[in-house]
Amino acid sequence: MGLFSKHVGRGPTKARTTIDGNLVVVLLRDGMTTAEKSLVRAGKEAEVQQLRRAFQETMEGELVDTVERLTHGTVSAFMSVNHSDPDVAAEIFVMDRSVISADGAPAE
């Protein structure tokens, strides 16, 4: 969540990471800024989504580097998606192999 705060001024209020084999998914909730919420209410959701895609493109290298460092693996694909209502985003990392889980055991 700290990477998002660094780039957009605030981060999501909730985050959950799931690791399953070679898949790492980070689900983020309540990440839109007040300005983004105002734009969505004004019918400018497409513009907010475009801005969020631009932010994710800017942050991609740092996100991938962080996941690789934490998992001791290599990211072979990165995808990012945002949803406005409810305010949910997903960062999806496909690894080149199964990664190590939080308890240090290889993920099944």
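Above this note sits the structure.
Read on for an overview of the structure. Small disclaimer: the values here were computed from a predicted structure and weren't measured.

1. Digging into the packing of aromatic side chains
Given two aromatic rings, one states the distance between the centres and the angle between the planes to describe the pair.
Then comes step 1: By the definition in use, this model includes 1 aromatic pair.
Then comes step 2: Where phenylalanine 78 meets phenylalanine 93, the ring centres are 5.0 Å apart and the plane angle is 40°; that geometry is what we call tilted. Of this pair, phenylalanine 78 sits in strand E3 (residues 75-83) while phenylalanine 93 sits in strand E4 (residues 88-95), and the two are 15 residues apart along the sequence. Of the two residues, phenylalanine 78 and phenylalanine 93, both sit in the buried class.

2. A look at the sheet that holds strand E1 (residues 14-20)
Then comes step 1: Pairing is antiparallel across the open sheet formed by 4 strands, whose spatial order is E1-E2-E4-E3. If you trace the sheet from one side to the other, it starts and ends with E1 and E3, each paired once. Taking each pair of neighbouring strands and ignoring which way they run, the sheet shows an average axis angle of 10°.
Then comes step 2: Pairing geometry for strand E2 (residues 23-29) and E4, over 7 bridges, is antiparallel. Paired with leucine 27 across the two strands is alanine 90, which belongs to E4.
Then comes step 3: The strands touched by helix H3 (residues 45-71) are E2, E3 and E4; relative to E3, the strand with the most contacts, the crossing angle is about 140°.

What counts and how
Residues numbered from 1 in each chain as written. Predicted model: local features only at pLDDT ≥ 70, side-chain atom pairs only at ≥ 80, totals over all residues. Heavy atoms only, no water. Phe/Tyr/Trp six-rings, centres within 6.5 Å; stacked < 30°, edge-to-face > 60°. Helix = DSSP H or I, 4+ residues; strand = E, 2+ residues; numbered from the N terminus. Buried < 20%, exposed > 50% of the residue type's maximum accessible area, 1.4 Å probe, protein only. Pairing = 2+ DSSP bridges. Axes fitted to C-alpha atoms, helices over the stretch in contact; angles between N-to-C directions. Contact = heavy atoms within 4.5 Å.

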